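The lines below spell out each chain.
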Amino acid sequence: MYLANTGRPDAPPRPHGARRRVPATVIALGAVSLVTDVSSEMVTAVLPLYLVLGLGLSPLQFGFLDGVFNGATALVRLLGGRLADRGGRHKRVAGAGYLLSALSRLGLLLAGGATAGIAASLAADRLGKGVRTAPRDALISLSGPPESLGRAFGVHRAMDTTGALLGPLAAFAVLWATADAYDAVFAVSFCTGVLGVLLLVLYVPSAAPAPRLRPRPLQHAALRDPAFRRILYAASLLGAATIGDSFLYLLLQRGLDLPPALFPLLPLGAAAGYLLLAVPAGRIADRVGRRLPFLAGHAALLGAYAVLSLPVAWPAVAAVLALLAVFYASTDGVLMALAGPLLPAHRRAGGLAVLQTGQALARLLGAAGFGAAWTFWGQEPALWAAALTLAGALAAAWRILPAAAPALDTPEAP
């Protein structure tokens, strides 16, 4: 016989007993992401200095390269998700993405200052990141029961953020020890990236264990499911109302006239808060439902806009960074946990890739729109316009997001 799942996928029952434990696959993928983020953030931390100060590229040239490749990452996610769903090759496709990113550090080391080589290395890094993201998240969502996905994604994101915090510190330690030898940073980053690939090969299973499920008929693609479409629309709408962290940090820097040397500390502050809040936010989402925390996270971002609209003082820095941390902890992994159970296992990576791509492209549009508004209207009117846009998007998302929907798959009783 089959047991119907009458609960809400965004508010599943609380787990009991052993089901409280985070699956080993999630821990292994978290370790891979931690090591890989140390590798990638080592390069990210020094790349602007290396390209602009070391090689003499103009900020416009660097911005163009970085913007084009970041935009391409969103589109490559679709390819990675589609390839992973063919035959359940999630680990293989994710591994290819991690390996490509690791090899990109070797490319920077061998480029020798040649612009074409540097551009190719940056492209390889972004392609690797785009290819691996959806298969990795699909592995996480398939590794345990749906009712604990919020906590699983929270643990993974916390480990991932730990790597993002350690990467810049490692880069500056290498620069200090080698008297500003950028090649040494690229070499250490490459070795660290290879270690991440080895961890994936050795400790992540080829196929995530999944419960026996009975698929609901006539649901062969993600976009054919009404509940998933509503999540995609809401996430894209809210993404288009997001102006981007860099603008928020720039507003803080201008409001307080911070020295440029202190500017890199702002993202580290937000990342530290995200690290502390990721797991608690995931556990709360598992208990109360994922729709409300996802919306509350965007309300926190709206609060950050409101703080920046006031005269900026030092307490505003702590408030904005704390609100940004709440925003990411309540939205990043929570969105994947909300959408994952609506997707059949054989379409999980492709469906998550569609969701991630839609959100990423919408955020690019939002950042570009805010930049244009700032240029033509000025800082304060642009910020008010962004706040009003986000408030309207929140009201619309409240109506769009499914409050209760039947799960796509129902467990099969033995």
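Data block above holds the structure.
Enquirer: I would appreciate a short explanation of the overall build of the protein chain in the present structure.
Expert: Each helix and strand in the protein chain was counted, giving 13 helices and two strands. The 414 residues of the protein chain split such that 50% are buried. For the protein chain, the share of sequence-separated contacts (at least 6 apart) that also reach a separation of at least 24 residues comes to 86%. A total accessible area of about 18,300 Å² is found for the protein chain, and carbon and sulfur atoms account for 69% of it.

Enquirer: Even after reading the chapter, I still don't get the pattern of salt bridges, so can you show me in this structure?
Expert: Going through the model one piece at a time under the given rule, you end up with six salt bridges. Between Asp137 and Arg157 there is a salt bridge whose closest N-O contact spans 3.2 Å. Separated by 20 residues along the polypeptide, Asp137 in helix α4 (residues 115-142) and Arg157 in helix α5 (residues 149-177) bring together distant segments of the chain. Among the residues examined, Arg157 registers a relative accessible area of 6% and is labelled buried. With a closest N to O distance of 2.7 Å, Asp286 and Arg290 form a salt bridge. Neither Asp286 nor Arg290 differs from the other in exposure class; each is buried.

Enquirer: I would appreciate a short explanation of the packing of aromatic side chains in the present structure.
Expert: Evaluation of the coordinates by the stated rule reveals five aromatic pairs. On the numbers, 5.0 Å between centres and 70° between planes, the contact of Phe247 with Phe370 is edge-to-face. Linking Phe247 in helix α8 (residues 245-256) with Phe370 in helix α12 (residues 348-377), this pair joins segments that are 123 residues apart in sequence. Since its relative accessible area comes to 22%, Phe247 is described here as partly exposed. A relative accessible area of 4% means that Phe370 is categorised as buried. With a centroid separation of 5.8 Å and an interplanar angle of 65°, the aromatic rings of Phe370 and Trp374 are classed as edge-to-face.

About the criteria used
Residues numbered from 1 in each chain as written. Predicted model: local features only at pLDDT ≥ 70, side-chain atom pairs only at ≥ 80, totals over all residues. Heavy atoms only, no water. Helix = DSSP H or I, 4+ residues; strand = E, 2+ residues; numbered from the N terminus. Buried < 20%, exposed > 50% of the residue type's maximum accessible area, 1.4 Å probe, protein only. Contact = heavy atoms within 4.5 Å. Areas by Shrake-Rupley, 256 points an atom, 1.4 Å probe, with all protein chains shown as cover. Salt bridge = Lys/Arg side-chain N within 4 Å of Asp/Glu carboxyl O. Phe/Tyr/Trp six-rings, centres within 6.5 Å; stacked < 30°, edge-to-face > 60°.

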